[in-house]
Amino acid sequence: MEKIRAFLRWMMIDPRHPEIAQAQYNELRTQIPSLYALLMVNAVAVAYTHYDVAPVYLTVGVLVPMLILTTVRMIAWLRASKITLGPDEAIRKMRQTVLLGSVVAVIYISWSLSLDGYGGPEERGHIALFIAITVIGCIFCLMNLPQAALMVMFIVTVPYLIHYVRQDQDVYFAIAMNIFLVCLVVLQVLISGYTGFCKLVKSQADLAAKQRETELLNAENARLAQTDALTELPNRRYFFNRVATLITNREKQQGKFAVGVIDLDRFKPVNDTYGHKVGDQLLMAVGQRFKELDLDDIEICRLGGDEFGFLYLGDLENAEKTGQSICDLISEPYRIGEMTLTVGASCGIAFYPEAGTTAHALFDRSDYALYNSKTTSRGQTTVYSEEHEARIRSERAIENALQSADLDTEFQVYFQPVVSLPDQIVVGFEALARWHSPVLGKVAPDKFIAVAERTGQINRLTLSLFGKAIKQIKELPGDLSLSFNLSAQDITSAQTVDTLLEAIEQHKVNPRLITFEITETSVIGSYEAAEACLKTLRGAGVKLALDDFGTGYSSLGYLHRLPIDCVKVDRSFVASIHEPVAIGVITSIVNLCRSMEMLCVVEGVEDRTQLDLLKALRCNLVQGYHFAPPMAFSEIAESAASSGTIAGLPLSCTDGMEQLRLSSA
Ligand code: C2E
Ligand code: CA
Ligand code: CA
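The notes below deal with the structure included here. (Residues numbered from 1 in each chain as written. Chains lettered and ligands numbered in written order. Predicted model: local features only at pLDDT ≥ 70, side-chain atom pairs only at ≥ 80, totals over all residues. Heavy atoms only, no water.)

### Here's the deal with the coordination of the calcium ion (ligand 2)
Okay, so step 1: Protein coordination at the calcium ion (ligand 2): the donors are Glu430 (OE), Asn485 (OD1), Glu517 (OE) and Asp547 (OD), at 2.0 to 2.3 Å from the metal.
Okay, so step 2: Sequence spacing among the residues donating to the calcium ion (ligand 2) works out to E-x54-N-x31-E-x29-D.
Okay, so step 3: Taken as an interatomic distance, the gap from the calcium ion (ligand 2) to the calcium ion (ligand 3) is 4.0 Å; aspartate 547 donates to each of them. You can see glutamate 430 sitting in strand 9 (residues 425-437) and its partner asparagine 485 sitting in strand 11 (residues 481-485), a full 55 residues away along the chain.
Okay, so step 4: Judged by its relative accessible area of 3%, glutamate 430 falls in the buried class.
Okay, so step 5: On the accessibility criterion, asparagine 485 (28% relative accessible area) is partly exposed. (Donors = N, O, S within 2.8 Å, 3.2 Å for Na, K, Ca; no water. Helix = DSSP H or I, 4+ residues; strand = E, 2+ residues; numbered from the N terminus. Buried < 20%, exposed > 50% of the residue type's maximum accessible area, 1.4 Å probe, protein only.)

Laid out in C-alpha cells, this is it:
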C-alpha cells in the first residue's frame, strides 16, 4: 500500500523535492519541441502513404487538427524554453505535461490503429513501424520526465498489442510484442538514468546549501573579527579598513568625508576609583548610546580603551556640529548599578582629502586635532586646519634641525635681570635659552624646548646650556644669583640632577646662588620620581622656584608638598593688573609667600604703572621688559665692567636674594 502511494506521489511529481522538479523541468523544456517535431513528421508520412487507400476524413481530416494542436503546443514549449520557472510553476507545468502527453498519445494511437484497417501489407507495415519508432522516440524525448514516458508507453504499446492479438496476425503480433519489450528495457534504462540525475541534483543542492552555510559562517567570522567584543561596535580594524575603502571609492568619485576621533575625559579616574568592571560597564553604556543614535551618515567604532573613532559621510559643513553633539551625548550622566557617573568627551576631526589621503594620515591628523581639544578646550571638537598643518610642519623642521644641531655653537644663554624692590637693584639673572639654527634661523625657546622634550633631547640640551650659564655668571662681579629653567625630564632624571650638581661644584659656585625653576605641570606628571630629585637638589643647597604660578593647576597644595623656596607669578597677571581679580591674585600670592617665608618674583613688568602698583603691593622681586629684556652675556658683561650697572640699575654686591629672604622672614 505504502509503495502504491509512493508510486502515485511520484507520478504526480513529488513537490517535496522542488530542486529536482526544477532541474527536471529545465532539461525537459529543451527536448519537448523535438518530440512534437518528430510526431508531426511521422504523422505526415503515415497520412501520405495512406492517402490513396484510406478515406480522406481519416487521413487529411484528422491529420490537420492534429497538426494544428501539435504546432500550437510546440510553439508554446519553444517560448517556454526561454523562461526560467520557479519550482512550483515547474511542478504544475510538468503535471500538465504528463496529462497532455497522455491525451496526445491516445489521439495518435487511435488514429494510427484506425488507419490499419485500410491498405495492403506495405501500408500496414508502415503503421506498425510508425507506432514503434514514434513511441521509442517519444520515450527518449521524455527521459527527463519518466512519469510522462511511462504513461505514453503504456497508452501506446498496450492497445497496439491488443490490436494485433485480436487480428490474429502472428508477424504483427511478434513486432508489437518486440516493441513492447524494447520499450520496457528503454524505460528501465531511462528510469535508472533519471535516478542518477536526481541524485546528482540532490548532491548539487546539498553542496550549494553547504556552500551557503560556509559563506554565512565566513561572513559571521568576518563580522566578529571587525567587532569590538565589549561594546559590540565595529572595531579598530573595521575603522581603518572602512577608511581605506572610502578613500579608494572617493578617489574615483572625487568625494569628501571626515574622520573623527573621540576620547573620553575623566574615564581613568572612574576606572581607578570604581574598578575595571564599572569602567567596562560605562564603556558599554557609551557604546549603547552610539547604537541608539542610528544616523545615516555616521559610523562610530571603538578604537580601543576609551577612544572611539567615527566616519562622517554627510555635509562637511556640519561635521564639527555632529562631533560636538556626540561629545555632548557622551557627557550626559550614566546610571551604572546604584551609581550615577559622568564622563566628558573631546573630539578631533580631519577632512579627506585636505588633511590626508591615507587612512593612517587621516587618523593621525584627527588625533592631532583631538590633542588640541584636550589641551586647550576640553569637551570641545576641533577640526584639523591649515594652522595645525603648519604647526606640524614647523615642529618637524625643528625636530630635524635639532637632531643635527651643534649645541656648543648654535645655542646661547641670554640673561634677564631679576630686580629687587623698592631700591631697584639687580640681584641676579634668569638664564633663557636662545637658538640660532643655520637651517631655520632664530627659533623661539618655547618651541624648541617643547620639541626637545618630546624627542628626548632635553637632558643633553639642559646640561649644555647650564654649563654655559654657570661659567658666564661666575665671570660677573659680586654674588649674583642665577635662575635656570628645568624641564620635567630633567627633574625626573637622577643622572641629570647629579651632573647639574657636579657642574656647580666644578665651577666653585655657591649652591645658594643657584635657583632651578620648575613648573607645576612638570612635577604633576610623575610626582614620585620628581620628588626624589628635588630633594637631592635641595639637599645640595640649591633653591627651587615654582615657575608660571597661577597658570596651571595652581593647587596651593603643591606649595606645601614641594620643597619650594620661591614662587614666580606668571606674567599674565601683571598684564591684566588693572583688573581687580588679577590684583587680588597677586596680592594673595605675595602675602602667602611672605607668611610661608618664600621668595616671590613677579614676572612680566613692562611699564611704570605696573611697577608702581607692584610696589604698593609690597612686591620685592620683579622681572620684565620695563627693566631689561633677556640680554646676551657679552652685553651684560661689558655693561657691568664699564659702569657696574645693568640697563642703568646697580648690581648687588652681596647675595641679594638671600638677604631679601632673610629680611622678609
Ligand atoms: P619663562 O621661564 O616663563 O621665561 C620668561 C619668558 O618671558 C621669557 O621668554 C622672557 O623673554 C619673557 N619675558 C620676560 N620679560 C617679559 C615681559 O616683560 N613681557 C613679556 N611679554 N615677556 C617677558 P622666552 O625667553 O621666550 O622663554 C620662553 C619660555 O621657554 C620660558 O618661559 C621657559 O619656560 C622656556 N625656556 C627658556 N629657556 C629655557 C631653558 O634653558 N630650559 C628650559 N627648560 N626652558 C626654557
Ligand atoms: Ca622661568
Ligand atoms: Ca615664567
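Additional details are given in the paragraphs that follow.
### So, the coordination of the calcium ion (ligand 3)
Okay, so step 1: Here the calcium ion (ligand 3) is held by Asp547 (OD), Asp548 (OD), Glu603 (OE) and Glu603 (OE), and the distances to it run 2.3 to 2.9 Å.
Okay, so step 2: For the calcium ion (ligand 3), all donor residues lie on one chain, and their spacing in sequence is D-D-x54-E.

### Remarks on helix 16 (residues 458-474)
Okay, so step 1: Counted at 1.5 Å a residue, the expected span for helix 16 with its 17 residues is 24 Å, and the 24 Å between its end C-alpha atoms agrees.
Okay, so step 2: Buried residues of helix 16: Ile458, Leu461, Thr462, Ser464, Leu465, Phe466, Lys468, Ala469, Ile470, Gln472 and Ile473, and no others. (Expected span 1.5 Å × (residues − 1).)

### Focus: the packing of aromatic side chains
Okay, so step 1: As enumerated under the stated definition, the model contains 23 aromatic pairs in all.
Okay, so step 2: Centre to centre, the rings of tyrosine 164 and tyrosine 172 are 5.3 Å apart; their planes meet at 20°, and the pair counts as stacked.
Okay, so step 3: For tyrosine 164, a relative accessible area of 1% gives the class buried.
Okay, so step 4: Judged by centre distance (5.2 Å) and plane angle (75°), the ring pair of phenylalanine 290 and phenylalanine 308 falls under edge-to-face. One end of the pair, phenylalanine 290, is in helix 10 (residues 276-293); the other, phenylalanine 308, is in strand 3 (residues 307-312), with 18 residues separating them in the sequence.
Okay, so step 5: Assessed through its relative accessible area of 5%, phenylalanine 290 is described here as buried. (Phe/Tyr/Trp six-rings, centres within 6.5 Å; stacked < 30°, edge-to-face > 60°.)

Purely geometric stuff here, so don't read any function into it on its own.
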